[in-house]
Amino acid sequence: MQTEIDPRPSDFLLLIVSSPSGAGKTTLCSRLRSELPDLRFSVSHTTRRPRPNEVNGREYHFTDAATFERMIREGAFAEWARVHGNLYGTSVAEIEAARTNARGVLFDIDYQGARQIKARMPEAVGVFILPPSLAELERRLRGRGTEDEPTTLRRLQAAKGEIEHYGFFDYVVVNDDIERAYGDLRAVVLAERCKRGRHALLCERMLAEGKVVT
Ligand code: ADP
Ligand code: 5GP
């Protein structure tokens, strides 16, 4: 009997990581980025103001609303959404650059963006980072100290709405202890890289070779 070959022609990994604000997704993603530099971080565009430690072009491309809206009209985004009152989007160019220069791309985007990326590229893998509790989520968001009170409240109020969409993701990583959670996220990436479909071309190429002389 012939094994069915997964039609995906490439071993390129599209990895989406989402979570409520404060759950630890940036912390986990930055560890993943330093350990696996061939997984290129997708730098989104946003109309949000930069935080003190953020650098334009590294965390985000910080953009005004007029530029963002022009990019929407020009079809420059693979996905975009309004999140916590600001616009965020992944440009097509960002994905193309990763396809040319890396083995995969890491999207730190919300569930609305995840849905759009999955619709365009169904082979994308979604990981939802869950805090151990809502109380701990609040402690972390407040402890980070990056948002003013209205923004903190807006983000906490949005948390349940985001957790509601957990069923849309392929994996859930509970970020209780950071070391354990990072181990889980890393394991997901390594397992995904071993998926049969990602190696179909290599298998087929070997099978197509002439008789091996021993
Ligand atoms: P997100 O990107 O999801 O908004 P961050 O990565 O910025 O979240 O994390 C929010 C805060 O929680 C940061 O101050 C971070 O250092 C802290 N944090 C992340 N993971 C853990 C953890 N497992 N235990 C305790 N604190 C954590
Ligand atoms: P923050 O302002 O804390 O950096 O991000 C707020 C939320 O916006 C997070 O849930 C983050 O994942 C999401 N986000 C960041 N970039 C994008 C993007 O390009 N598209 C979408 N849909 N969401 C994004």
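Enquirer: I would appreciate a short explanation of the overall build of the protein chain in the present structure.
Expert: Secondary structure summary: the protein chain contains eight helices and nine strands in total. Within the span of the protein chain, comprising 214 residues, buried residues form 43% of the whole. Look at the contacts in the protein chain between residues 6 or more apart in sequence, and 70% of them connect residues 24 or more apart. Roughly 11,900 Å² of accessible area belongs to the protein chain as shown, and the carbon and sulfur atoms make up 54% of that amount. In the protein chain, 32 positive and 31 negative side-chain charges are present, and the distance between their average locations comes to 1 Å.

Enquirer: For this particular structure, what's the right way to read the site of ligand 2?
Expert: Residues in close proximity to ligand 2 total 18 residues, the closest being Ser44, Arg48, Tyr60, Tyr88 and Arg155. Within the backbone of Gly89, a nitrogen or oxygen atom sits 3.3 Å from an oxygen atom of ligand 2. For ligand 2, whose accessible area on its own is 510 Å², the fraction buried by protein is 96%. Those elements that place two or more of their residues in the shell around ligand 2 are β5 (77-83) and β6 (86-91).

Enquirer: What should I look at first to understand the side chain of Glu162 in this one?
Expert: Position of Glu162 among the secondary structure elements: in helix α6 (residues 149-163). Put simply, Glu162 is tucked away with no salt bridge, and the nearest opposite charge, on Lys25, sits 6.7 Å away. Setting aside its immediate chain neighbours within four residues, Glu162 contacts Ser19, Pro20, Ser21, His84, Tyr111 and Phe128.

Enquirer: What is the right way to look at a nonpolar patch on the surface in this model?
Expert: A grouping of Tyr166, Val172 and Val174 is seen on the molecular surface, where their side chains present a nonpolar patch of about 260 Å² in accessible area. With respect to the helices, strands and loops of the structure, Val172 is situated in strand β9 (residues 171-174). Using a relative accessible area of 41% as the deciding quantity, one classes Val172 as partly exposed.

Enquirer: Mind showing me how you'd approach the packing of helix α1 (residues 25-35) against helix α7 (residues 178-193) here?
Expert: Between α1 and α7, whose axes approach to 10 Å, the crossing angle comes to 55°. Classified by the interaxial angle, the pair formed by α1 and α7 is oblique. Where α1 crosses over α7, the handedness of that crossing is right-handed. Across the interface between the two elements, Thr27, Leu28, Arg31, Leu32 and Glu35 from α1 touch Ile178, Glu179, Ala181, Tyr182, Leu185, Arg186 and Val189 from α7. Here the contact of α1 with α7 is built from residues that sort into seven nonpolar, one polar and four charged.

Enquirer: I would appreciate a short explanation of the nonpolar core in the present structure.
Expert: The biggest cluster of nonpolar side chains holds 25 residues, and the ones touching the most others in it are Leu15, Val17, Leu32, Leu39, Leu106, Val127 and Ile129. Counting residues per element, the ones that place at least two in this core are β1 (13-18), α1, β2 (39-41), β8 (125-130), α5 (134-144), α6 and α7. Looking at this core element by element, the count peaks at five residues for α7. Beyond its immediate sequence surroundings of up to four residues, Val127 is in contact with Leu15, Ile16, Val17, Ser18, Phe169, Tyr171, Val173, Leu185 and Val188. Counting residues in hydrophobic clusters, the runner-up holds 16 residues, among them Ile16, Phe107, Met121 and Phe128.

Enquirer: Teacher, can you tell me more about the pairing of β1 here?
Expert: Residues in a regular strand point their side chains to alternate faces of the sheet. Burial analysis of β1 places six of its six residues in the buried class, which makes it a mostly covered element. Across four bridges, the pairing between β1 and β8 is parallel. When the sheet's bridge partners are listed, Ser18 is paired in β8 with Phe128.

Enquirer: When you look at α7 in this model, what are you seeing that I'm missing?
Expert: Since the α-helix packs 3.6 residues into each turn, any two residues three or four apart lie on the same face. The end-to-end C-alpha distance of α7 is 23 Å, a good match for the 22 Å that 16 residues give at a rise of 1.5 Å each. Here the buried face of α7 lies against β1, α1, β2, β8 and β9. The backbone nitrogen of Glu179 has a side-chain oxygen 3.2 Å away, supplied by the residue at the start of α7, namely Asp177.

Parameters at a glance
Residues numbered from 1 in each chain as written. Chains lettered and ligands numbered in written order. Predicted model: local features only at pLDDT ≥ 70, side-chain atom pairs only at ≥ 80, totals over all residues. Heavy atoms only, no water. Helix = DSSP H or I, 4+ residues; strand = E, 2+ residues; numbered from the N terminus. Buried < 20%, exposed > 50% of the residue type's maximum accessible area, 1.4 Å probe, protein only. Contact = heavy atoms within 4.5 Å. Areas by Shrake-Rupley, 256 points an atom, 1.4 Å probe, with all protein chains shown as cover. Lys, Arg positive; Asp, Glu negative; His and termini not counted. Charge placed at Lys NZ, Arg CZ, Asp CG, Glu CD. Near = heavy atom within 4 Å. Polar contact = N/O pair within 3.5 Å; in protein donor to acceptor, adjacent residues only side chain to side chain. Salt bridge = Lys/Arg side-chain N within 4 Å of Asp/Glu carboxyl O. Patch = residues over 30% accessible without salt bridge, like charges linked within 9 Å, V, L, I, M, F, W, Y side chains within 5 Å. Axes fitted to C-alpha atoms, helices over the stretch in contact; angles between N-to-C directions. Parallel < 35°, antiparallel > 145°, perpendicular 65-115°, else oblique. Left-handed = near helix turned anticlockwise from the far one by under 90°. Nonpolar A, V, L, I, M, F, W, Y, C, P; charged D, E, K, R; others polar. Core = buried A, V, L, I, M, F, W, Y, C linked by side-chain atoms within 4.5 Å. Pairing = 2+ DSSP bridges. Expected span 1.5 Å × (residues − 1).

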